[in-house]
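# Structure at a glance
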Amino acid sequence: MLSRTLISPAFRHASRPSRSMAVSFTQPHLMRLTVSQLRLLSTETRAAIDKAVASKPVVLFMKGTPEIPQCGFSRASIQILGLQGVDPNKFSAFNVLEDEELRQGLKEYSDWPTIPQLYVEKEFVGGCDILMSMHQNGELSKMLEEKGVLVPAEAPSETPSQA
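Presented here is a report on the structure given in the accompanying data block. Note that the structure is predicted; figures quoted are calculated from it, not measured. (Residues numbered from 1 in each chain as written. Predicted model: local features only at pLDDT ≥ 70, side-chain atom pairs only at ≥ 80, totals over all residues. Heavy atoms only, no water.)

### Quick word on the pattern of salt bridges
Stated precisely, the cut-off is as follows: When a carboxyl oxygen of Asp or Glu is within 4 Å of a side-chain nitrogen of Lys or Arg, the pair counts as a salt bridge. Secondary structure counts use DSSP, requiring at least four H or I residues in a row for a helix and at least two E residues in a row for a strand, with both numbered from the N terminus. For the exposure calls, accessible area comes from a 1.4 Å probe over protein chains only, and a residue counts as buried if that area is under 20% of its type's maximum, exposed if over 50%, partly exposed in between.
Applying the stated rule across the entire model yields 1 salt bridge. A salt bridge links Lys147 to Glu121, with the nearest nitrogen and oxygen atoms 3.8 Å apart. Here the residue Lys147 occupies a position in helix α8 (residues 139-147), and Glu121 occupies one in the loop between β3 (117-120) and β4 (123-126), the gap between them amounting to 26 residues. Given a relative accessible area of 31%, Lys147 falls into the partly exposed group.

Spelled out as structure tokens, the structure:
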């Protein structure tokens, strides 16, 4: 019992991040992380995510596939993009469940803690909650139209004139 009392405070003190380390970060969002929470994104993972984000104008990182989503939020995101009329030729989805490094690295890459994550023209838009809100208030439709990523509207068919 005595050794537990002596070791515990010493261990807790040693495992705390030093103040100088926390202050040395230049990015404010990193200041709230402890050393044990900080995980630096590898160059390889960053390059793979950069390549994926640039692969198509609309990119969704999700759990599962568009055909078989593995979580309700991913399913909702796919449904929203479908309702909006995103052109399948301008869309790509990546299953984060296939690669744990991608799944964890993506959270650091975007500074967003959840999956799914939507990127439009290499710009992070948000997760399912943001997509839902933008869909409901019309912002998503406007943005997707401005970016030119929707299925083109069919030209009105000409009806033969009656002579």
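### Focus: the environment of Gln70
Stated formally: Distance and chemistry together define a polar contact, namely a pair of N or O atoms within 3.5 Å, with one atom able to donate a hydrogen and the other to accept it when in protein, and with adjacent residues in sequence counting only for side-chain atoms on both sides.
Of note, Gln70 is situated in the loop between β1 (58-62) and α5 (72-84). Separated by 25 residues in sequence, Gln70 and Asn95 have C-alpha atoms that sit 9.3 Å apart. Among the polar contacts listed, one links the side chain of Gln70 to the backbone oxygen of Ile68, at a separation of 3.3 Å.

### Focus: the sheet that holds β1
Keep this limit in mind: What makes two strands pair is DSSP finding at least two bridges between them. The axes used here are C-alpha line fits, helices contributing only the stretch in contact, and every angle between their N-to-C directions lies in the interval 0 to 180 degrees. Pairs of residues are marked as contacts when any of their non-hydrogen atoms sit within 4.5 Å.
Taken together, the 4 strands give an open sheet; going across it, the order is β2-β1-β3-β4, and neighbouring strands pair in mixed fashion. Taken across any chain shown, the strands that pair with only one partner, and hence form the sheet edges, are β2 (91-95) and β4. The mean angle between the axes of side-by-side strands here comes to 25°, regardless of whether they run parallel or antiparallel. On top of the sheet, helix α4 (residues 43-54) reaches β1, β2 and β3; it is set at about 130° to β1, its chief contact.

### Digging into helix α6 (residues 100-110)
We count it as follows: Here the arc refers to the directions that run from the helix axis out to each C-beta atom.
Among the residues of α6, those classed as buried are Leu102, Gly105, Leu106 and Ser110. Summarising the axial view, the buried residues of α6 lie within an arc of 120°, below the 170-degree limit, and thus occupy one face. Of the surrounding secondary structure, the elements contacted by the buried residues of α6 are α4, β1, β3 and β4. Immediately beyond the C-terminal end of α6, within one or two residues, lies Asp111, with a positive phi of roughly 60°.

### Focus on the state of the cysteines
Basically, it comes down to this: In plain terms, two cysteine sulfur atoms within 2.5 Å form what is called a disulfide here.
Across all of its chains, the model carries 0 disulfides by this definition. Between Cys128, a free cysteine, and Cys71, which holds the nearest cysteine sulfur, the sulfur-to-sulfur gap is 7.8 Å.

### With respect to the side chain of Asp87
Defined as follows: None of His or the chain ends enter the tally, which takes Lys and Arg as positive and Asp and Glu as negative.
With respect to the element layout, Asp87 can be found in the loop between α5 and β2. In this structure, Asp87 is buried with no salt-bridge partner, the nearest side chain bearing the opposite charge being Lys90 at 4.8 Å. Among the polar contacts made by the side chain of Asp87, one reaches the main-chain amide nitrogen of Asn89 at a distance of 2.9 Å. With residues near it in sequence (within four places) discarded, Asp87 still touches Val149, Leu150, Val151 and Pro152.

### Let's talk about the pairing of β1
Stated formally: Here, the term right-handed applies to a crossover whose path from the first strand over the helix to the second runs clockwise when the strands point away from the viewer.
Where burial is concerned, most of β1 is hidden: 5 out of the 5 residues are buried. A two-sided burial pattern is seen for β1, the buried positions comprising Val58, Leu60 and Met62 on one face and Val59 and Phe61 on the other. Where β1 lies against β2, 5 bridges are found, and the strand directions are parallel. Pairing of Val59 across the sheet is with Ser92, part of β2. Between β1 and its parallel partner β2, the chain crosses via α5, and the hand of that crossover is right-handed.

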